[in-house]
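Below are the chains, spelled out letter by letter.
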Amino acid sequence: MNNDSLQELVEKVSIESFDRAFEHQAYFNKRLRTTGGRYMLNTHHIEVNFKYYEAFGEEELIGIIKHELCHYHLHLTGKGYKHGDQEFKALLKQVGAPRYCSSLSSIQQKNKNVFYRCKDCNYLYERKRKVDITKYRCGRCKGSLLLLEKGVDS
(Lines give C-alpha, C1' and ligand atoms only; values in the text may rest on other atoms or scores of the structure.)
Protein backbone atom coordinates (compact mmCIF):
# COMPACT_ATOMS: atom_id res chain seq x y z
CA MET A 1 0.00 0.00 0.00
CA ASN A 2 1.24 3.46 -0.85
CA ASN A 3 0.11 7.00 -0.03
CA ASP A 4 -2.29 7.17 -2.99
CA SER A 5 -4.12 4.01 -1.97
CA LEU A 6 -4.19 5.23 1.64
CA GLN A 7 -5.76 8.50 0.50
CA GLU A 8 -8.46 6.58 -1.40
CA LEU A 9 -9.11 4.34 1.61
CA VAL A 10 -9.46 7.32 3.98
CA GLU A 11 -11.87 9.04 1.60
CA LYS A 12 -13.91 5.83 1.27
CA VAL A 13 -14.05 5.22 5.04
CA SER A 14 -15.01 8.85 5.65
CA ILE A 15 -17.98 8.65 3.29
CA GLU A 16 -19.13 5.21 4.49
CA SER A 17 -18.75 5.75 8.25
CA PHE A 18 -19.29 9.49 8.69
CA ASP A 19 -21.36 10.50 5.61
CA ARG A 20 -18.88 13.34 5.10
CA ALA A 21 -16.04 13.87 2.65
CA PHE A 22 -12.41 13.94 3.68
CA GLU A 23 -10.95 16.94 1.84
CA HIS A 24 -7.34 16.94 3.03
CA GLN A 25 -4.27 14.73 2.71
CA ALA A 26 -3.67 11.35 4.32
CA TYR A 27 -0.23 9.78 4.13
CA PHE A 28 2.10 7.32 5.82
CA ASN A 29 4.72 8.69 8.19
CA LYS A 30 7.39 6.05 8.76
CA ARG A 31 8.97 8.12 11.53
CA LEU A 32 6.04 7.58 13.90
CA ARG A 33 7.02 5.16 16.67
CA THR A 34 4.54 5.05 19.53
CA THR A 35 1.24 5.91 17.87
CA GLY A 36 -0.91 4.39 15.14
CA GLY A 37 -1.70 7.74 13.57
CA ARG A 38 -2.28 11.39 14.24
CA TYR A 39 -4.54 14.20 13.13
CA MET A 40 -2.74 17.48 12.52
CA LEU A 41 -4.78 20.39 13.91
CA ASN A 42 -3.14 23.12 11.80
CA THR A 43 -3.20 21.44 8.39
CA HIS A 44 -6.07 18.95 8.96
CA HIS A 45 -3.94 16.19 7.43
CA ILE A 46 -3.85 12.67 8.80
CA GLU A 47 -0.60 10.74 9.27
CA VAL A 48 -0.62 6.97 9.69
CA ASN A 49 2.13 4.72 11.04
CA PHE A 50 3.10 2.27 8.27
CA LYS A 51 4.39 -0.28 10.81
CA TYR A 52 0.84 -0.96 11.99
CA TYR A 53 -0.24 -1.81 8.45
CA GLU A 54 2.74 -4.14 8.06
CA ALA A 55 2.16 -5.84 11.41
CA PHE A 56 -1.63 -6.09 11.63
CA GLY A 57 -3.02 -5.56 8.13
CA GLU A 58 -5.83 -3.54 6.66
CA GLU A 59 -8.38 -4.17 9.44
CA GLU A 60 -6.20 -2.45 12.05
CA LEU A 61 -5.42 0.30 9.52
CA ILE A 62 -9.14 0.99 9.03
CA GLY A 63 -9.58 1.23 12.82
CA ILE A 64 -6.76 3.79 13.02
CA ILE A 65 -8.27 5.75 10.12
CA LYS A 66 -11.70 5.82 11.80
CA HIS A 67 -10.13 7.04 15.04
CA GLU A 68 -8.28 9.87 13.28
CA LEU A 69 -11.37 10.76 11.23
CA CYS A 70 -13.28 11.19 14.50
CA HIS A 71 -10.73 13.83 15.52
CA TYR A 72 -10.94 15.37 12.02
CA HIS A 73 -14.72 15.67 11.68
CA LEU A 74 -15.32 16.80 15.27
CA HIS A 75 -12.59 19.45 15.04
CA LEU A 76 -13.94 20.84 11.77
CA THR A 77 -17.49 21.03 13.16
CA GLY A 78 -16.31 22.81 16.32
CA LYS A 79 -17.16 19.96 18.72
CA GLY A 80 -15.03 18.22 21.35
CA TYR A 81 -12.33 16.39 19.40
CA LYS A 82 -9.93 15.51 22.26
CA HIS A 83 -9.61 12.01 23.71
CA GLY A 84 -11.33 12.93 26.98
CA ASP A 85 -14.33 14.72 25.43
CA GLN A 86 -17.70 12.98 25.62
CA GLU A 87 -18.54 13.85 22.00
CA PHE A 88 -15.34 12.14 20.86
CA LYS A 89 -16.04 9.00 22.89
CA ALA A 90 -19.63 8.87 21.60
CA LEU A 91 -18.53 9.19 17.96
CA LEU A 92 -15.91 6.47 18.44
CA LYS A 93 -18.60 4.13 19.70
CA GLN A 94 -21.02 5.13 16.94
CA VAL A 95 -18.62 4.34 14.07
CA GLY A 96 -16.94 1.37 15.78
CA ALA A 97 -13.50 2.94 15.99
CA PRO A 98 -11.03 1.76 18.62
CA ARG A 99 -10.03 4.13 21.41
CA TYR A 100 -6.48 2.75 21.33
CA CYS A 101 -4.60 0.87 18.62
CA SER A 102 -2.97 -2.50 19.21
CA SER A 103 0.46 -2.62 20.79
CA LEU A 104 3.52 -3.01 18.60
CA SER A 105 5.74 -3.90 21.56
CA SER A 106 5.12 -7.61 21.15
CA ILE A 107 6.30 -7.41 17.55
CA GLN A 108 9.13 -4.89 17.71
CA GLN A 109 12.57 -6.33 18.22
CA LYS A 110 14.32 -3.00 18.85
CA ASN A 111 13.34 -2.73 22.51
CA LYS A 112 14.64 -6.16 23.48
CA ASN A 113 17.79 -6.31 25.54
CA VAL A 114 20.93 -8.21 24.57
CA PHE A 115 22.58 -10.63 26.98
CA TYR A 116 26.25 -11.54 27.29
CA ARG A 117 27.93 -14.09 29.58
CA CYS A 118 31.58 -14.08 30.61
CA LYS A 119 33.26 -17.31 29.53
CA ASP A 120 35.48 -17.37 32.63
CA CYS A 121 33.40 -16.23 35.63
CA ASN A 122 29.89 -16.74 34.06
CA TYR A 123 28.76 -13.21 35.00
CA LEU A 124 25.63 -12.22 33.05
CA TYR A 125 25.52 -8.80 31.36
CA GLU A 126 22.29 -7.23 30.09
CA ARG A 127 22.65 -4.44 27.51
CA LYS A 128 20.23 -2.37 25.46
CA ARG A 129 22.65 -2.30 22.51
CA LYS A 130 24.98 -4.86 21.08
CA VAL A 131 28.69 -4.50 21.78
CA ASP A 132 31.66 -5.76 19.79
CA ILE A 133 32.76 -8.82 21.77
CA THR A 134 36.19 -8.72 20.13
CA LYS A 135 36.85 -5.31 21.73
CA TYR A 136 35.08 -5.60 25.09
CA ARG A 137 35.93 -7.91 28.00
CA CYS A 138 34.37 -8.82 31.33
CA GLY A 139 34.65 -5.99 33.86
CA ARG A 140 35.15 -8.40 36.74
CA CYS A 141 37.80 -10.85 35.52
CA LYS A 142 38.83 -9.58 32.03
CA GLY A 143 37.47 -12.79 30.44
CA SER A 144 35.99 -12.90 26.94
CA LEU A 145 32.26 -12.43 26.39
CA LEU A 146 29.72 -14.70 24.73
CA LEU A 147 26.55 -13.38 23.08
CA LEU A 148 23.48 -15.29 24.29
CA GLU A 149 20.29 -16.01 22.38
CA LYS A 150 17.25 -14.53 24.20
CA GLY A 151 19.09 -14.35 27.52
CA VAL A 152 19.54 -18.10 27.91
CA ASP A 153 22.55 -20.10 26.82
CA SER A 154 22.24 -23.78 26.01
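No experiment lies behind these values; they were computed from the predicted model shown. (Residues numbered from 1 in each chain as written. Predicted model: local features only at pLDDT ≥ 70, side-chain atom pairs only at ≥ 80, totals over all residues. Heavy atoms only, no water.)

This next bit is on the overall build of the chain. Scanning the chain for helices and strands turns up four helices and six strands. Order of helices (α) and strands (β) in the chain, N terminus to C terminus: α-β-β-β-α-α-α-β-β-β. At 23 Å, the chain has a C-alpha radius of gyration far larger than the 15 Å of a compact globule built from 154 residues. The C-alpha extent of the chain, read off along each of the three principal axes, is 70 × 35 × 30 Å. When contacts within the chain are restricted to residue pairs at least 6 apart in sequence, those whose partners lie at least 24 apart make up 45%. As presented, the chain carries roughly 10,200 Å² of accessible surface, and 46% of it is formed by carbon and sulfur atoms. Looking at charge distribution, the chain has the averaged site of its 26 positive side-chain charges lying 12 Å from that of its 19 negative ones. (Helix = DSSP H or I, 4+ residues; strand = E, 2+ residues; numbered from the N terminus. Rg over C-alpha atoms; globule rule 2.2 N^0.38 Å. Contact = heavy atoms within 4.5 Å. Areas by Shrake-Rupley, 256 points an atom, 1.4 Å probe, with all protein chains shown as cover. Lys, Arg positive; Asp, Glu negative; His and termini not counted. Charge placed at Lys NZ, Arg CZ, Asp CG, Glu CD.)

Take the side chain of Glu60 next. For Glu60, the location among the structural elements is in helix H3 (residues 58–76). No salt bridge is formed by the buried Glu60; its nearest oppositely charged neighbour, Lys66, is found at 12 Å. In contact with Glu60, not counting residues within four places along its chain, are Tyr52, Cys101 and Ser102. (Buried < 20%, exposed > 50% of the residue type's maximum accessible area, 1.4 Å probe, protein only. Salt bridge = Lys/Arg side-chain N within 4 Å of Asp/Glu carboxyl O.)

Secondary-structure assignment places His67 in helix H3. A polar side-chain atom of His67 sits 3.2 Å from a polar atom in the side chain of His71. (Polar contact = N/O pair within 3.5 Å; in protein donor to acceptor, adjacent residues only side chain to side chain.)

Counted by the stated rule, this structure contains seven aromatic pairs. Ring centres of Tyr52 and Phe56 lie 6.0 Å apart, and the angle between their planes is 35°; on these two criteria the pair is classed as tilted. In this pair, Tyr52 and Phe56 are both assigned in helix H2 (residues 50–56), four residues apart and thus about one turn of the helix distant. Taking relative accessible area as the criterion, Phe56 reaches 31% and is therefore assigned partly exposed. Between the NZ or CZ atom of Lys30 and the centre of the ring of Phe50, over which it lies, the distance is 4.8 Å. (Phe/Tyr/Trp six-rings, centres within 6.5 Å; stacked < 30°, edge-to-face > 60°. Lys NZ or Arg CZ within 6 Å of the ring centre and 35° of its normal.)

In this section: the environment of Glu54. With respect to the helices, strands and loops of the structure, Glu54 is situated in helix H2. Through-space distance from the C-alpha of Glu54 to that of Met1 is 9.5 Å; in sequence the pair is 53 residues apart.

Moving on, we get to H3. Note: α-helices contain 3.6 residues per turn, so residues at a spacing of three or four share the same orientation. If you check H3, its first and last C-alpha atoms are 26 Å apart, about what 19 residues at 1.5 Å a residue would give, namely 27 Å. Taken across its 19 residues, H3 has 14 buried, putting it largely inside the fold. Gly78 lies just past H3 and shows a positive phi near 80°. (Expected span 1.5 Å × (residues − 1).)

Moving on, we come to the sheet that holds strand E3 (residues 46–48). Taking strand neighbours across the sheet as the criterion, the three strands line up as E1-E3-E2 in an open arrangement whose pairing is mixed. The outermost strands of the open sheet, each flanked by one partner alone, are strand E1 (26–28) and strand E2 (37–39). Strand-to-strand twist in this sheet, taken as the mean axis angle between neighbours without regard to direction, amounts to 15°. Bridge count for E1 against E3 is three bridges, and the pairing is parallel. Bridge pairing in E3 places Phe28 opposite Val48. Lying on the sheet, helix H1 (residues 3–18) is in contact with E1 and E3; it crosses E1 at an angle near 140°. The sheet contacts of H3 involve E1, E2 and E3, and relative to E2 the element is tilted by about 10°. (Pairing = 2+ DSSP bridges. Axes fitted to C-alpha atoms, helices over the stretch in contact; angles between N-to-C directions.)

By themselves, these figures tell us nothing about what the structure is for.
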